[in-house]
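# Topology and contacts: notes
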Amino acid sequence: MASGRGTKTWTFAESGTKMNTRSLLRKRLMEEREKKDGKPVQAVKQELLRHRDYKVDLESKLGKTIVITKTTPQSEMGGYYCNVCDCVVKDSINFLDHINGKKHQRNLGMSVRVEGSTRDQVKKRFEVNKKKMEEKQKDYDSEERMKELREEEEKAKAYKKEKQEKKRRAKEDLTFEEDDEMAAVMGFSGFGSTKKSY
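These numbers come from a predicted model, not from an experiment. (Residues numbered from 1 in each chain as written. Predicted model: local features only at pLDDT ≥ 70, side-chain atom pairs only at ≥ 80, totals over all residues. Heavy atoms only, no water.)

## Observations concerning the packing of aromatic side chains
Quick reminder of the rule: Two rings from Phe, Tyr or Trp (for Trp, the six-membered ring) form a pair when their centres are within 6.5 Å of each other. A pair whose planes differ by under 30 degrees is stacked, one over 60 is edge-to-face, and the rest are tilted. Counting from the N terminus, the helices are DSSP H or I runs at least four residues long and the strands are E runs at least two residues long. Relative accessibility under 20% of the residue-type maximum defines a buried residue, over 50% an exposed one, and the middle range a partly exposed one, all with a 1.4 Å probe and only protein chains included.
One pass over the full model with this rule turns up one aromatic pair. Both rings, one in Y80 and one in F95, keep their centres 5.4 Å apart while their planes meet at 25°; by these two values the pair is stacked. Linking Y80 in strand β2 (residues 80–82) with F95 in helix α3 (residues 92–99), this pair joins segments that are 15 residues apart in sequence. Per residue, the accessibility class of Y80 equals that of F95, and both read buried.

## Overview of unusual backbone geometry
The phi torsion at D86 lies on the positive side, around 55°, for a residue other than glycine. Topologically, D86 is positioned in the loop between β2 and β3 (87–89).

## Describing the UniProt feature "domain: U1-type" (unreviewed entry) in the chain
The line we're drawing: UniProt positions are given in the numbering used here, feature names are shortened, and annotations may be inferred rather than shown by experiment.
Here the UniProt-annotated "domain: U1-type" (unreviewed entry) positions come out as residues 77–111. End C-alpha atoms of residues 77–111 are separated by 30 Å, and the span's content is 43% helix alongside 23% strand.

Okay, structure coming up:
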C-alpha cells in the first residue's frame, strides 16, 4: 500500500515478526563483518545483568567549588564523570539513569536482561527471609521493652519537673530583686521583718 508521498506503509504480514527481523539483521551484520575481515566473526556473549559490587559515589563533590579552565580534563569538569563511557553527566539523577541504562551496561559487557529465578531459588529465598523474621521476633522481648518505656517516661518526667523548678526559682529571684530595688528607691533598708527564719 502506498501513501500520498511515495512512501510505503507496511502491514504486519509484510513486515514479519520482531524475532525474524532481529535474526535477519544479526545474520546480515555477521555477513558484512566477514566480508570486511575475511574471518568469521563470533558473536560477543554478554553477561546477564547483576548487582553492583560497589557503592555509587554521589556525595563526594557535593557543596564543593571547582575552578574550570580550558585545560581542565573532562573527568574533572563539573558534573559526574563516567570513565566507562567517557562522558560527563550534569546531575545525580541523570548519572544514575546513565549507569543503569543500556549504553553503559553494553560498554560494561552486560545485557540488560536479568537471570530468571527457578522455583527452588525462590523457595530458598523465602526460607531465608522467614528465618530472619523469626530471629527478629525472638529478639523482641515485650517485658524488656515495657521496662525501657517506663524508664524513658521517668526520665521525661524528671526533666520536666527540673525545668519547672528552674522556672520557679528564676521567677522568685526576679521578685526579690524588684523588692530590693523598690526599697532602695524609697529609702528603706528592706521590707522584711527583723525576725530570722530558720
